[in-house]
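Summary of structural features
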Amino acid sequence: MVAKYYVALRPQTNEDHAVHQEGCPFMPDDAKRIYLGEFSSGGEAVSESHHHFSKTRGCLFCAKDNKVAEKSHLSCLVAKKDKITA
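Described below are features of the structure shown in this document. (Residues numbered from 1 in each chain as written. Predicted model: local features only at pLDDT ≥ 70, side-chain atom pairs only at ≥ 80, totals over all residues. Heavy atoms only, no water.)

Details of the state of the cysteines
What counts, and what does not: Cysteine sulfur atoms are paired as a disulfide whenever they come within 2.5 Å of each other. Categorising residues by exposure relies on relative accessible area from a 1.4 Å probe, with only protein chains included: less than 20% of the type maximum marks a residue as buried, more than 50% marks it as exposed, and the intermediate range marks it as partly exposed.
Using the criterion set out here, one finds 0 disulfides in the structure. C59 carries a free sulfur, and the closest cysteine sulfur to it, the one in C62, is 3.7 Å from it. Overall, the relative accessible area of 8% leaves C59 in the buried class. The exposure class of C62 is buried, given its relative accessible area of 9%.

Brief notes about the pairing of strand β2 (residues 17-21)
To keep things clear, this is the line we draw: By the criteria applied, helices consist of DSSP H or I runs no shorter than four residues and strands consist of E runs no shorter than two, each listed in order from the N terminus. For two strands to pair, DSSP has to find at least two bridges joining them.
Counting buried positions along β2 gives 4 out of 5 residues, so the element sits mostly inside the fold. Relative to β2, strand β1 (residues 3-8) runs antiparallel, the two being bridged by 3 bridges. From the neighbouring strand, Y6 faces β2, where its bridge partner is H20. Here β2 pairs with strand β4 (residues 56-58) via 3 bridges, running parallel. Bridging from a neighbouring strand, H17 pairs with T56 of β4.

Structural notes on the nonpolar core
Nonpolar side chains tend toward joint burial in soluble globular proteins. Basically, it comes down to this: The term nonpolar core refers to a set of buried residues drawn from Ala, Val, Leu, Ile, Met, Phe, Trp, Tyr and Cys, joined through side-chain atoms within 4.5 Å. Should any heavy atoms of two residues lie within 4.5 Å, those residues are considered in contact.
Grouped together as the largest cluster of nonpolar side chains are 9 residues: A3, Y5, V7, V19, L36, F39, A45, V46 and F53. Those elements that place two or more of their residues in this core are β1, β3 (33-39) and α1 (42-49). With 3 residues, β1 is the largest single contributor of residues to this core. Sequence-distant contacts of F39, that is, excluding residues within four places in its chain, are made with M1, V2, A3, Y5, E44, A45 and E48.

Here we look at the pattern of salt bridges
Test applied: Should a side-chain nitrogen of Lys or Arg be within 4 Å of a carboxyl oxygen of Asp or Glu, the pair is scored as a salt bridge.
Evaluated as defined, the whole model comprises 1 salt bridge. The residue R33 makes a salt bridge to D30 at a minimum N-O spacing of 2.3 Å.

Side note on unusual backbone geometry
A positive phi angle, near 75°, is found at E15, a position not held by glycine. The residue E15 is located in the loop between β1 and β2 in this model.

Rendered as structure tokens:
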């Protein structure tokens, strides 16, 4: 199933531009986003978003197919933090 994806013009506090699936409640207004196209996964949309911005990431709320990658990334950060504090 394909969906329409957009990238936010304004970066988040971590400097990443969020990629949103159409219908996401956190998607910025029309004037504050770029239409990326229709994709079968959020990962494809994030790849396309790199044509516009070097730092992009799928929205944690609406990019469900990217959640596994995000959780994996967060797990690595937590593990590193545990090693530092241990």
